[in-house]
Amino acid sequence: MNTKLKEVAIVFFRLGCFAFGGPAAHIAMMEEEVVTKRKWMTRSYFLDLIGTTNLIPGPNSTEMTMHCGYERAGKKGLFVAGLAFIFPAIIITAILAYFYVKYGDLPKVKPFVIGIKPAVLAIIASAVIKLGKKAVKTIELTVIGVLVLVASLLGVNEVFALLIAGVVGMLYFYLKERNVNSLNTIMPFFLMSGISASILKITAINVFWTFLKVGAILYGSGYVLFAYLDAELVTKGWLTRVELLDAIAVGQFTPGPVLSTSTFIGYQLSGLSGALAATTGIFLPSFLFVLILNPYISRMQQSKVLRYFLDAVNVAAVAIMLAVLIIMTKETLVDWKTIVIALTALFLVFKIKVSTIWVIVIGAALGYILFGLF
């Protein structure tokens with residue numbers, strides 16, 4: 001393995017070990033590692049990656065790792081980054097699945113999770129500020145960002161909001177410039193049809209196809225994933241709703257992408273082979289989507305019209321991150337203990353400028369002290 005691939009593997013494996021708090025927090029941590037610290041790319045290009053990633057199915061933060069790996073070390077870097085990022089979550093989830101199937105219970109990690117959640121608010125806030133400075137280039141883009149923020153807080157689907165923002169921005173700036181010769185590239189759109197089958201027996205193959213279908217059409221947050229899994233598994237009688245809720249809990253308190261829930265469920269359904277099948281099925285489409293899309297990003301940047309589209313999508317993506325931050329803040333800061341942890345994290349991020357990984361560790365430790373011991 002060459003030096004760049006080793007670097008990619010180390011960076012994203014470490015992120016995978018400490019990536020708590022959902023996609024917004026993951027992307028914030030990624031921005032610090034690949035833009036601020038290592039300068040693998042400009043913040044503007046990182047924003048373009050966020051914008052395009054939001055427009056394809058799959059877990060956004062995991063797909064961002066693949067894009068970053070591709071930019072640093074080519075196609076091999078794409079696969080190394082993605083696998084390194086999801087590996088810690090898959091291993092931890094598989095171990096928890098084994099003990100759950102054997103003993104029927106989950107470990108008591110609630111105090112740590114309660115401490116991590118307020119800490120990641122500061123990490124997301126830092127990323128929103130830094131990315132926002134790059135995304136908000138004009139008054140018109142500011143207006144688009146505000147409108148997307150309001151729409152997101154009102155519950156409008158994030159993908160719909162991004163697409164509308166992109167189209168409106170593209171048309172507005174195109175008409176403003178009146179440059180009819182700027183449309184010189186074509187925006188690719190990729191669709192993967194759903195796979196349906198009458199499944200009579202739960203096998204690793206059946207598990208793989210079920211999770212492949214979910215991975216290929218998944219848009220939105222982890223809550224959308226859980227709705228899909230409820231429809232695919234509970235209604236078919238593969239899992240009880242209690243078992244699904246336990247699997248969701250595992251996805252919430254383990255690091256990395258929430259899609260690692262699939263490893264837990266696969267193990268419940270068909271042992272180790274089921275865990276491997278479910279994990280492969282749900283993540284495989286993301287690798288393929290990024291592999292196909294990434295080469296087009298530079299072409300999109302060169303086209304004036306698609307540059308307008310990306311600018312509008314980028315500011316919309318930052319607005320959605322801000323909406324997530326606002327919602328998470330309301331849900332997380334419920335007492336003086338969580339407020340103390342959040343303020344400590346803000347001090348560490350903005351004043352001392354501590355690494356985001358240490359912010360997560362300190363938040364978990366404070367959660368254990370404040371909620372576990374008292």
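Here, every reference points to the structure presented above.
Residues numbered from 1 in each chain as written. Predicted model: local features only at pLDDT ≥ 70, side-chain atom pairs only at ≥ 80, totals over all residues. Heavy atoms only, no water.

Some details on helix 13 (residues 336-352)
Note on helix geometry: an α-helix contains 3.6 residues per turn, so any two residues three or four positions apart are oriented the same way.
Then comes step 1: Counted at 1.5 Å a residue, the expected span for helix 13 with its 17 residues is 24 Å, and the 23 Å between its end C-alpha atoms agrees.
Then comes step 2: Within the span of helix 13, buried status applies to K337, T338, I341, A342, A345, L348 and V349. Looking straight down helix 13, one finds its buried side chains confined to an arc of 135°; they lie on one side. Opposite the buried face of helix 13, at more than 90 degrees from it, the exposed residues are W336, L343 and K351.
Then comes step 3: Each element contacted by the buried residues of helix 13 is listed here: helix 5 (110-135), helix 12 (304-332) and helix 14 (356-372).
Then comes step 4: A positive backbone phi angle near 60° is found at K353, which sits one or two residues after helix 13. (Helix = DSSP H or I, 4+ residues; strand = E, 2+ residues; numbered from the N terminus. Expected span 1.5 Å × (residues − 1). Buried < 20%, exposed > 50% of the residue type's maximum accessible area, 1.4 Å probe, protein only. Arc of directions from axis to C-beta. Contact = heavy atoms within 4.5 Å.)

Describing the pattern of salt bridges
Then comes step 1: Taken as a whole and assessed by the stated rule, the structure comprises twelve salt bridges.
Then comes step 2: The partner of R72 in a salt bridge is E7, and the shortest N-O contact between them spans 2.9 Å. Residue R72 is located in helix 4 (residues 60-103), and its partner E7 is located in helix 1 (residues 3-18); the two are separated by 65 residues in the primary sequence.
Then comes step 3: Exposure remark for R72: the relative accessible area of 27% places this residue in the partly exposed category.
Then comes step 4: Connected via shared salt-bridge partners are R14, E33, K37 and R38. (Salt bridge = Lys/Arg side-chain N within 4 Å of Asp/Glu carboxyl O.)

Concerning the packing of aromatic side chains
Then comes step 1: Considering all chains together, one arrives at nine aromatic pairs under this definition.
Then comes step 2: Arranged with centres 6.5 Å apart and planes meeting at 40°, the rings of F13 and F87 form a pair that is tilted. Of this pair, F13 sits in helix 1 while F87 is found in helix 4, placing the two residues 74 residues apart along the sequence.
Then comes step 3: In this structure F13 comes out as partly exposed when scored by relative accessible area, which is 37%.
Then comes step 4: Measuring from ring centre to ring centre gives 5.5 Å for F79 and F287, while their planes differ by 5°; the resulting arrangement is stacked. Of this pair, F79 sits in helix 4 while F287 sits in helix 11 (residues 261-302), placing them 208 residues apart in sequence.
Then comes step 5: Here F79 falls in the partly exposed class, since its relative accessible area comes to 34%.
Then comes step 6: Owing to a relative accessible area of 6%, F287 belongs among the buried residues under this scheme.
Then comes step 7: Three or more aromatic residues link up through ring pairs in this structure, and these residues are Y172, F173 and Y308.
Then comes step 8: Positioned above the aromatic ring of W238 is the side chain of K236, whose terminal nitrogen or guanidinium carbon lies 5.4 Å from the ring centre.
Then comes step 9: Between the NZ or CZ atom of K337 and the centre of the ring of F371, over which it lies, the distance is 5.1 Å. (Phe/Tyr/Trp six-rings, centres within 6.5 Å; stacked < 30°, edge-to-face > 60°. Lys NZ or Arg CZ within 6 Å of the ring centre and 35° of its normal.)

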